[in-house]
Amino acid sequence: MGRVVSTEARAMHNVGLAGLTFWSPNVNVFRDPRWGRGQETPGEDPLLVSKYAINYVRGLQEVVGSHDGNSSAGGDGDKLKVSSCCKHYTAYDVDNWNGVDRFHFDAQVTLQDLEDTYQPPFKSCVEEGHVSSVMCSYNRVNGIPACADPNLLKGIVRDQWNLDGYIVSDCDSIEVYYDSIHYTSTPEDAVALALKAGLNMNCGDYLGKYTQNAVESNKVEESVVDQALIYNYIVLMRLGFFDGDPTALPFGQLGPSDVCTDDHQTLAVEAAKQGIVLLDNGGALLPLSTNTTKNLAVIGPNGNATQVMISNYAGVPCHYTSPLQGLQKYVQTVTYETGCEDVGCGSNDRIAAAVKVAATADAVVVVVGLDQSVEREGLDRVNLTLPGFQEKLVTEVANAVINGSVVLVIMSAGPIDVSFAKNNSKIGAILWVGYPGQAGGDAIAQVIFGDYNPGGRSPFTWYPQKYVDQVPMTDMNMRANATRNFPGRTYRFYNGESIYEFGHGLSYSTFSKFITSAPTTILLNSLPSKYPTSILFPNFTSQLNGQDIDISAINCTNSQFQVVIGVKNDGPMDGAHVVLVFWKPASSQGVVGTPNVQLVGFKRVEVKRGKTETVAVRIDVCKKLSLVGGDGRRKVVIGQHTLVVGSSSERPIRHHLDIRMGQSEGGGGELLM
């Protein structure tokens, strides 16, 4: 996807319709289900977001092979196809909730949560994705504006992670912390603070207006300004701006004919299909049969959605296929009723007409959910229920159906409390389709009628409404706290009931999994120059389960191991299966707030019916099997750890893994099978 976006970007640039700087992707973790910008992010898990970030950034930036924008072979040094940007750094996920907005919000974040939840996607972006820009956010983090914090910017992004590129503010962030929260006494002070913290570019006009005065009044040295310009110009050089005739350079011949190609539009359909999650399928209602479905009713405010499907920050689509249009390709007689005037559904005047149509249909597809009027940048949700009378519409339509089948399609970015539908026996199947893009209607129809076997997994937890009644969105803590009656956040720490869990997703086939190869014991070695094993454990045989060792004392070279998993398709259809590997840590004596489980690897595999395929998942002990303590430092716990293959809604299989410190020092890890 990243390669296609960057190819079309270069094509549009060549005809003067686009730049080459793309401030994407958003890699903030989807911490709270109400966040209006959750639609921009891949999910609630740090590893999932990190992997997405790495691959999308590389797709956007890397100059590969023949320079046609599609080759996957080769590479071209430090050249950039387009410049990507990972945003919004950091702990940013409150836009406007109950009167608290992103310009005034001070995110109070523990060192523990910062290290194991908020920072990993950004670290991966820089260290593994080699992103050429990082954008700092509007909010404060523990009292300091993110764009004025020298520790966050220069200390971590530049010096620890070694960013090769520039750091940019979110638009007008410098003005915001001067004008909105009065963090500095003058605009020149605000500019000087940002530049000295490590900011190199301001989306906005404050640097342009006040930098010269700041230098002349000795608030910031001119050399700091020079360095900021150097970082900016290096990215321009990597993009080829100073390399001569653009038409003679790589990508110089791309143009309008390279936009909306057949291959690109096919990818749009495929991406939409892969993203659909089958949440429920009672009695194997789906897929519907075209032989028995002759009269189809399509109902709901998103039933004929077009622009809704492309979410926010979208370009001009090649064309739209709405859910109604997609379904009309399968059934000759299709009747459409909105049931609501719009997604807000402030009136129930149209429900009766929808009920009448549904009562006589062979099958009913109800397409409900949200849109940009409910969740968007600058607007967070205040609840998890369907807006207005949508729930009433769904219930009355379902109850009116006598002999037909009812399929509920949820079009939204964030989770919705659909427990009423899950508990309604008249509703046979529930699909979540996100905002599926220009080809969403084709994808939805192909899944419903079985031309595509769904394999998507929910990227977040589906909480009941009572969760948000209990938890303020502004509470940035991840871990559960019984004293405060705080249930925790995301599948990693939440201890309450879920409607659907992270990683849940059904298929028209059934898959069985088995582990064919995995170590049972891992022996790690200490770094002799720091903490020899003899000091960590004076009596080697007395290692106690639960002891935690700071990873700075461990030689993490060769601490990776591989888990090989067999996947058999026992069902009637070919299909894709996403293998999820979770880790349940050993009990720790020193680390408080360990995760329930944590995703440490995943792979998608296509399996023909009746066949078996194998997947290999590599796991780094120091990176993925380490806990973060209250001091923000990573530690490996001695003792028995458990790998869990599969989500809780499948039949997960478990493998126990004993992690010990070896007697030898200075070498890498050893694996015992």
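Below, the structure is looked at part by part.

Here is what the cut-offs are and how they apply
- Residues numbered from 1 in each chain as written.
- Predicted model: local features only at pLDDT ≥ 70, side-chain atom pairs only at ≥ 80, totals over all residues.
- Heavy atoms only, no water.
- Core = buried A, V, L, I, M, F, W, Y, C linked by side-chain atoms within 4.5 Å.
- Buried < 20%, exposed > 50% of the residue type's maximum accessible area, 1.4 Å probe, protein only.
- Contact = heavy atoms within 4.5 Å.
- Pairing = 2+ DSSP bridges.
- Helix = DSSP H or I, 4+ residues; strand = E, 2+ residues; numbered from the N terminus.
- Axes fitted to C-alpha atoms, helices over the stretch in contact; angles between N-to-C directions.
- Disulfide = S-S within 2.5 Å.
- Arc of directions from axis to C-beta.
- Salt bridge = Lys/Arg side-chain N within 4 Å of Asp/Glu carboxyl O.

## Some remarks on the nonpolar core
Nonpolar side chains in soluble globular proteins tend to end up buried together. If you look at the biggest cluster of nonpolar residues, it comprises 127 residues, and the most contacted ones within it are Leu431 and Ile448. Sequence-distant contacts of Leu431, defined by excluding residues within four places in its chain, comprise Ile276, Val277, Leu278, Leu286, Val407, Leu408, Val409, Ile410, Val447 and Ile448. Residues Ile554, Val563, Val621 and Leu625 belong to the second largest nonpolar core, which totals 34 residues.

## Describing the sheet that holds strand E7 (residues 133-136)
Read from one edge to the other, the open sheet built from four strands follows the order E3-E7-E10-E11, with strand pairing classed as parallel. On the outer flanks of this sheet lie strand E3 (86-89) and strand E11 (201-202), each paired with one strand and no other. Note that E7 and strand E10 (residues 166-169) share four bridges and pair parallel. Within the sheet, the bridge partner assigned to Cys136 lies in E10 and is Ser169. This element, helix H4 (residues 120-127), spans E3 and E7 of the sheet and lies at about 145° to E3.

## Brief notes about the state of the cysteines
In protein structure, a disulfide is the covalent linkage between the sulfur atoms of two cysteines. Counted under the stated rule, the structure contains six disulfides. The disulfide bridge from Cys340 ends at Cys345, spanning 1.9 Å between sulfur atoms. On the sign convention where negative is left-handed, the bridge of Cys340 and Cys345, at about -60° about the S-S bond, is left-handed. Residue pairing for Cys556: its cysteine sulfur links by disulfide to Cys622, the two sulfurs lying 1.9 Å apart.

## A closer look at helix H8 (residues 206-216)
Among the residues of H8, those classed as buried are Tyr206, Leu207, Tyr210, Thr211 and Ala214. One side of H8 holds all its buried residues, which, seen down the axis, span an arc of 130°. Relative to its buried face, H8 has exposed residues pointing more than 90 degrees away, namely Gly208, Gln212 and Glu216. Elements that come into contact with the buried residues of H8 comprise helix H6 (173-179), helix H7 (187-197), E11 and helix H9 (222-238). Phi for Asn218, located one or two positions after H8, is positive at around 60°.

## What to know about the pattern of salt bridges
Summed over all chains, the structure comprises 29 salt bridges. Of the charged contacts, one joins Arg102 and Asp95 as a salt bridge, the two residues approaching to 3.6 Å between their closest N and O atoms. Looking at Asp95, the relative accessible area reads 1%, which means it is buried. Between Lys568 and Asp570 there is a salt bridge; the shortest N-O distance is 3.8 Å. By relative accessible area, which is 41% here, Asp570 ends up partly exposed.

Without other data, these values stay purely geometric and don't point to any function.
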